[in-house]
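# Understanding the architecture of this molecule
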Amino acid sequence: MAEFCLHDSDQYYLSLSEPPKRFDPNSPVTNVFFDDTNGQVFTVRSGGVTGVTVNGLDDSKSTSFRMEDKGPIISIKFSPDHKVLAIQRNVDAQTPSVEFANFKDLVPTNVEYSHTCKWKNAKILGFVWPKVNEIAFITDYGIELLQVFPEKKQLKTLKSTSFSCAWFSWCAQSNIVVLAGNNGALLQPFSLSSSNITKLQKLELDATRPVVERDVFVIRLCEATWCAIFRHGSPSTSVSGPTEVCLMPITGGNGILHILKTGLVGRFAVSVIDNLLVIHHQSSQTSQIFDIMEESKRDNNTANHLPIVSGVSMKPALVDGQECPMYSGNWVVFQPDYIIDARLGCLWKVNLIHSGLAHSLSKDEIPKVVGALLRRQGGNDTIYRILNQLVTNADTHLVELSRVFDEINSVYRKWADIEVARNTAGQVVEKGSDTFPVLISQTDMCSHVLQAHADDKYLVQVVTAYLSSLSLHNMTVQQPVAEISVRTLVTRGASGRLRSLVRRGCLGEEQLLACQLLSLGHFDPAAAQLALDMMCRLKAHEEIVEVLLSWNEPVSAAGAARQCGVWGALPARKVLSAAKVHGPAAFRALYHALLARNERERGSPHFLKGEQCEIYIEYYKQLMEDS
């Protein structure tokens, strides 16, 4: 049983977008196609004669039109600007070609043309649009990159490269295509950018274990492009075993190979949500989440990962007011986060529910989940909820709370270092500060967490843990945190802990802190003495004298003034006022000291009229008469 459950959290951490985008389902007279570059569903009825409908989550790009039925369609996609429609048909007897139709304002202009592949005997496996007015034919002979001139109804070959290809996988987010050669024993990536075809480093595979098309995905994750390969069973034996996902870097990724351990067997699919890799498993009807940015042990540039939390099902989705079958065999998953059920006629996006990550955890997993939320857009609200619950139950979760503080402050420290480097002349900063989706400052911690727990029983332990974490990460304690921490420690009778924190450097020695300690002197005299010691180290001598006078300690104030060289400037009236309260003996001693000072500095022992000491002169005379 879980040892931590975030109050009022969702039991699911993944959901399908609501409502789904509806389209005419697949049927004997209707074919359904998906364009993952534009995120659109094409429903083609009767080969297009009775109509083609284009739907996507962006309603402004939806349209419908009719076209002539020239044969079965394999693929149909708009250019990124929706001005050209490309259609590939299954016409085995004819020369391989792709048809084109020009559009204006999502309406066909009845201008149609076609282009034949440069390799006459090639088979077109598919086509992609790398950019506006550029299309690439992927064939079993290689890649042909062409420029489209819609107004001229022509295409011009820009580049081509030969490669014996069985199938391909395309990533629209990075314009990288991976071609499979040698029956899946070789994977060769190419970049289709800047009107060029660039051959990238081939991916080294086990020659004895070729891959198949359904087990290979090209994805964009954490500012890098990866080839995700599902490896089923044990690589060293023929015995079936749990499936691992191998993330091989294509561009970026610092050359690190990531192995994701699912612990499951069967059919899988992949989604990418906010730099998280989601592995969907059909037979168990669960989805697992992996975060390759988490710290992990590396062995020969290989990092192994387990799911952030245990796999659970996606939140049940409603279609026409009823729950639809989840993880259906009719589902098709597209990159980065689309799911289509062609039988139901539904298009969804997969969404992350932040609070669901903290719904059912062991105590040890809490810091890991907070670390993951710090790397997610919008994760701060759930982090604050976790923090507040941990603080409320600090008696049983203090260790986990301390580790959560370390996760938060580690991220903030990295961000601060980058900002310093960015503002330092001559510094080159590779990682931008915008790569930190969630930053929790000391002010945020006070306003969202600590201030709400001013009366909590274990607040002393909480602020001590937070101050220790700030010190561990070499972060100066800022005024809001210092104020609430000092007030908590002094008023709760923990001055010994306060002195220890100051001695260890967890609380920096600042005049504002010393002043606050002084203001709390009526709760604990030790706090006031700590403030004086701190002021002395800060060489705030004049302030020390003022404090001692305010405490009606005139003899100590005079001694401190002499020691720091401000005795000559100390107002006589202030000294005599404090001395009168302190007692006759102290008053007489300081009165004589001030007379001697006057004699030495002005050649006369008398007080000046402007010093307003008349009442104290009279008081001195009365004391002398009484004695």
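Small disclaimer: the values here were computed from a predicted structure and weren't measured.

## A word on the overall build of the protein
Of the regular secondary structure elements, the protein holds 14 helices and 31 strands. For the protein, with 627 residues in total, the buried portion stands at 51%. Of the contacts formed within the protein by residues at least 6 apart in sequence, a portion of 53% connects residues at least 24 apart. Summed over all atoms, the accessible surface of the protein reaches about 29,700 Å², with 48% contributed by carbon and sulfur.

## Considering the pairing of strand S23 (residues 268-273)
In terms of burial, S23 is a largely internal element, 6 of the 6 residues being buried. Burial of S23 is two-sided: the residues Phe268, Val270 and Val272 facing one way and the residues Ala269, Ser271 and Ile273 facing the other way are all buried. Bridge count between S23 and strand S24 (residues 276-281): 6 bridges; the pairing is antiparallel. Bridged to Val272 within S24 is Leu277. Where S23 folds back on S24, the antiparallel hairpin that results is connected by 2 residues, among which Asp274 adopts a positive phi of roughly 50 degrees.

## Side note on the state of the cysteines
If you walk through the whole model with that rule in mind, you get 0 disulfides. Cys346 takes part in no disulfide bond, and the closest cysteine sulfur, belonging to Cys324, lies 6.5 Å away. For Cys346, a relative accessible area of 0% puts it in the buried group.

## Quick look at the sheet that holds strand S9 (residues 97-104)
Read across the sheet, 4 strands follow the order S7-S8-S9-S10 without closing on themselves; strand pairing throughout is antiparallel. Both edges of this open sheet fall to strand S7 (73-78) and strand S10 (107-116), since each of them pairs with a single strand only. On average, adjacent strands in this sheet sit at an angle of 20 degrees to one another, irrespective of strand direction. Alignment of strand S8 (residues 84-89) against S9, held across 4 bridges, turns out to be antiparallel. Across the sheet, Ile87 pairs through a bridge with Glu99, a residue of S9.

Basis of the calculations
- Residues numbered from 1 in each chain as written.
- Predicted model: local features only at pLDDT ≥ 70, side-chain atom pairs only at ≥ 80, totals over all residues.
- Heavy atoms only, no water.
- Helix = DSSP H or I, 4+ residues; strand = E, 2+ residues; numbered from the N terminus.
- Buried < 20%, exposed > 50% of the residue type's maximum accessible area, 1.4 Å probe, protein only.
- Contact = heavy atoms within 4.5 Å.
- Areas by Shrake-Rupley, 256 points an atom, 1.4 Å probe, with all protein chains shown as cover.
- Pairing = 2+ DSSP bridges.
- Disulfide = S-S within 2.5 Å.
- Axes fitted to C-alpha atoms, helices over the stretch in contact; angles between N-to-C directions.

What is shown is where atoms sit, not what they do.
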